[in-house]
Amino acid sequence: MIRLFKVKEKQKEEAGNANRRGPLKKQSAGELRLHKDISELNLPKACTISFPNGKDDLMTFEVSIKPDEGYYMGGKFVFTFNVSSVYPHEAPKVKCKTKVYHPNIDLEGNVCLNILREDWKPVLNINTIVYGLYHLLTEPNHEDPLNLEAAAVLRDSPQTFRSNVKTAMNGGRVGDTYFTRCI
C-alpha cells in the first residue's frame, strides 16, 4: 500500500514540474493496479520477469519459465503479457513465444488456461497467472486442449508424449512441425 502512495506522490511532484517539460501522462487505473501487482510478485524460483520495452512500459512484459520438474524440465519457455488499461476487469493477453509441443498451447503460442478466459475475475492477479502457466508446464492437461494431437498422445501414450516433448525441446521434428531448441 505504501508503494501506491509513493506513486501518487511522484505523480504530484512530476505534475508540478510539468510546466518545464510539457504535459504529464496520467496513469490509468489498470496501470496503477498492474504496478501494485508487479511490486508484490512472489514468483517461483523457476520464473523471471523482464520488460523488453523498459520499465516505463509495464503494460507489456515477458515471463520466462524454466520448469524444474515434469515433461518440460530443463526447457526455457517465454510468455508475453499484454495488459489493457481496463485491467483487472479484463484478463491480460498471454502468448507463448517459445514454440512448444504441448496440449494446452497451440503452435501459434495461444494458451489454454481457464483463468485467462471464462474463470477470470478482477481479484486475480499476475502472480496467479504465472503460477497457472508454471502448472501447465509441470502438469499438462489433455482434457482441455488447444493442440488436439498432443493431447491425444498424452492421454493414450504418455511415454510417446515424453519422447515427443524431448525431441521438440532439443530442436527436432514432431510430425510435420519443426521446433527450435529451448533447452
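Refer to the structure printed above.
Residues numbered from 1 in each chain as written. Predicted model: local features only at pLDDT ≥ 70, side-chain atom pairs only at ≥ 80, totals over all residues. Heavy atoms only, no water.

Caption draft 1: Molecular detail of the pattern of salt bridges. One pass over the structure, following the stated rule, counts eight salt bridges. With its nearest N and O atoms 2.6 Å apart, the salt bridge here joins E62 to K97. Of this pair, E62 sits in strand β2 (residues 60–65) while K97 sits in the loop between β4 (93–96) and α3 (126–138), and the two are 35 residues apart along the sequence. Looking at E62, the relative accessible area reads 16%, which means it is buried. Two residues, R155 and D156, come together in a salt bridge whose shortest N-O distance is 3.0 Å. Accessibility expressed as a relative area gives 56% for D156, which makes it exposed. What emerges from the salt-bridge pattern is a single network uniting R117, E118 and D144. (Salt bridge = Lys/Arg side-chain N within 4 Å of Asp/Glu carboxyl O. Helix = DSSP H or I, 4+ residues; strand = E, 2+ residues; numbered from the N terminus. Buried < 20%, exposed > 50% of the residue type's maximum accessible area, 1.4 Å probe, protein only.)

Caption draft 2: Fine view of the packing of helix α4 (residues 148–156) against helix α5 (residues 158–169). Close contact between α4 and α5 brings their axes to 5 Å; oriented N to C, the two are set at 135°. One finds that α4 runs oblique with respect to α5. Of the residues in α5, those in contact with A150, V153, L154 and D156 of α4 are P158, T160, F161 and N164. Across the contact of α4 with α5, the residue classes tally to five nonpolar, two polar and one charged. (Axes fitted to C-alpha atoms, helices over the stretch in contact; angles between N-to-C directions. Parallel < 35°, antiparallel > 145°, perpendicular 65-115°, else oblique. Contact = heavy atoms within 4.5 Å. Nonpolar A, V, L, I, M, F, W, Y, C, P; charged D, E, K, R; others polar.)

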